[in-house]
Every structure is written in structure tokens, then in C-alpha cells.
Amino acid sequence: MYEPIRTKSVHSTMADAPTDFPHRSREEELDIQLAGHLAALLAVTDELRALAPSTDLDTAAERLAQQVARLRGGGAPARASLTSVTSAPDLTDLHRRAHAVAGRALLVAASRPDTAAAILAAERMDSHAAALEPRELATH
């Protein structure tokens, strides 16, 4: 009924693939993902620092930068200067965004498990949730 295939398939399979290219382990992939989430949290934290400076945000930004550098093998994260924020976004929106990103970082840190990053992400979630409470209550 069917004619047998006479030529070699043009589609490759993993069995035919060379093993000379680098593969990342699950831990390495999670490190990359966690570093990305923490770098995003650092960017939002820097925006908040530019609009509403505080020692809590300064300390958090420094700790976030240290964690990103650790996860990236010592490379310092790119940082925006505090004067580079040109528009004035709503602080509530920034705190919501920071809370969401910190939650994602916490999930990845917990799955690694990376206690230092998980604690930092949880602290940032609490801080941003506390910053949202008075604003949320005022709008309802």
C-alpha cells in the first residue's frame, strides 16, 4: 500500500544531532531566569528611587545589584542613572509592577532553591504591598 522511503530524511532527529554544542542544565536556566527577574526588579526600583528617594529603596537596589551580579558570574547589572527618568509614571503603578516582578523572582528562587534571592524577593514584595495599601484604600 505504501512505498518504502528510499532516501534519507531531510528532517533531523535528536539521535542524529551532534553533542558538541553546549547544553545548559536546569539550574543554569533557572539562574538566568532569576537574574532576569531580579534585574527587572532593580530597574523598577531605580525608577522608584528617582521619583521618591528613600534609604529602603537604596538598600534594596544595592542588594538586588549584588544578587544579579552573583547570578551572572560577577558581571554588574546595567543601571539607569537616577536623573534619566524623564516621565513621571504613577508611583502606584510602579509599586504594582515591582510587586509582580518580585513575585516572579520569588517563584524562581524557590524552585532553585536560592534562599538569599527568595528572602530578598519576599522582602521586596512585602515592601511594595505595604506601599500600595494606603493608596489602594484611598481609591476604594
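Residues numbered from 1 in each chain as written. Predicted model: local features only at pLDDT ≥ 70, side-chain atom pairs only at ≥ 80, totals over all residues. Heavy atoms only, no water.

**Describing the nonpolar core**
Most often, soluble globular proteins have nonpolar side chains that are buried together.
Piece 1. Of all hydrophobic cores here, the largest spans 26 residues; its most connected members are Leu-34, Leu-38, Leu-41 and Leu-64.
Piece 2. Mapped onto this core, the elements with two or more residues apiece are helix H1 (26-51), helix H2 (55-71), helix H3 (91-111) and helix H4 (115-139).
Piece 3. If one sorts the elements of this core by residue count, H1 sits on top with eight residues. (Core = buried A, V, L, I, M, F, W, Y, C linked by side-chain atoms within 4.5 Å. Buried < 20%, exposed > 50% of the residue type's maximum accessible area, 1.4 Å probe, protein only. Helix = DSSP H or I, 4+ residues; strand = E, 2+ residues; numbered from the N terminus.)

**A look at the environment of Glu-28**
Piece 1. Summarising the element assignment, Glu-28 is placed in helix H1.
Piece 2. Considering only alpha carbons, one finds Glu-28 and Arg-112, 84 residues apart in sequence, at a separation of 9.6 Å.
Piece 3. Within the local environment of Glu-28, its side chain forms a polar contact with the backbone nitrogen of Ser-25, the two atoms lying 2.7 Å apart. (Polar contact = N/O pair within 3.5 Å; in protein donor to acceptor, adjacent residues only side chain to side chain.)

**Overview of unusual backbone geometry**
Piece 1. The omega angle of the peptide bond from Arg-112 to Pro-113 is -10 degrees, so this bond is cis rather than trans.
Piece 2. On the secondary structure map, Pro-113 appears in the loop between H3 and H4.

**Some thoughts on the packing of H1 against H2**
Two numbers describe a pair of packed helices, the interaxial angle and the distance between the axes.
Piece 1. With their axes 9 Å apart at the nearest point, H1 and H2 run at an angle of 155 degrees to one another. Classified by the interaxial angle, the pair formed by H1 and H2 is roughly antiparallel. For the crossing formed where H1 meets H2, the hand is left-handed. Here H1 contributes Asp-31, Leu-34, Ala-35, Leu-38, Ala-39, Leu-41, Leu-42, Thr-45, Asp-46, Leu-48 and Arg-49 to the contact with H2, which in turn contributes Leu-57, Asp-58, Ala-61, Leu-64, Ala-65, Gln-67, Val-68 and Leu-71.
Piece 2. When grouped by side-chain class, the residues that make up the contact of H1 with H2 number 13 nonpolar, two polar and four charged. (Axes fitted to C-alpha atoms, helices over the stretch in contact; angles between N-to-C directions. Parallel < 35°, antiparallel > 145°, perpendicular 65-115°, else oblique. Left-handed = near helix turned anticlockwise from the far one by under 90°. Contact = heavy atoms within 4.5 Å. Nonpolar A, V, L, I, M, F, W, Y, C, P; charged D, E, K, R; others polar.)

**Concerning the pattern of salt bridges**
Piece 1. As enumerated under the stated definition, the model contains ten salt bridges in all.
Piece 2. We note a salt bridge from Glu-29 to Arg-24, for which the minimum N-O separation is 3.1 Å.
Piece 3. With relative accessibility at 55%, the residue Arg-24 sits in the exposed group.
Piece 4. A salt bridge links Glu-47 to Arg-97; the shortest N-O distance between them is 3.5 Å. Residue Glu-47 is found in helix H1, and its partner Arg-97 is found in helix H3; the two are separated by 50 residues along the sequence.
Piece 5. Residue Glu-47 is classed as partly exposed on the basis of its relative accessible area, which comes to 22%.
Piece 6. Ionic contacts of the salt-bridge type, sharing partners, join the residues Asp-31, Arg-70, Arg-112 and Asp-114 into one network. (Salt bridge = Lys/Arg side-chain N within 4 Å of Asp/Glu carboxyl O.)

**Here's the deal with the environment of Asp-126**
Piece 1. Among the secondary structure elements, Asp-126 is positioned in helix H4.
Piece 2. Sequence separation between Asp-126 and Ala-102 is 24 residues; the distance between their C-alpha atoms is 9.4 Å.

**Let's talk about H3**
The α-helix winds at 3.6 residues per turn, so residues separated by three or four positions along the chain end up facing the same way.
Piece 1. For H3, built from 21 residues, the straight-helix expectation of 30 Å at 1.5 Å per residue is met to within 8% by its first-to-last C-alpha distance of 30 Å.
Piece 2. Considered for burial, the residues of H3 that qualify are Thr-92, Leu-94, His-95, Ala-98, Val-101, Ala-102, Gly-103, Ala-105, Val-108 and Ala-109. (Expected span 1.5 Å × (residues − 1).)

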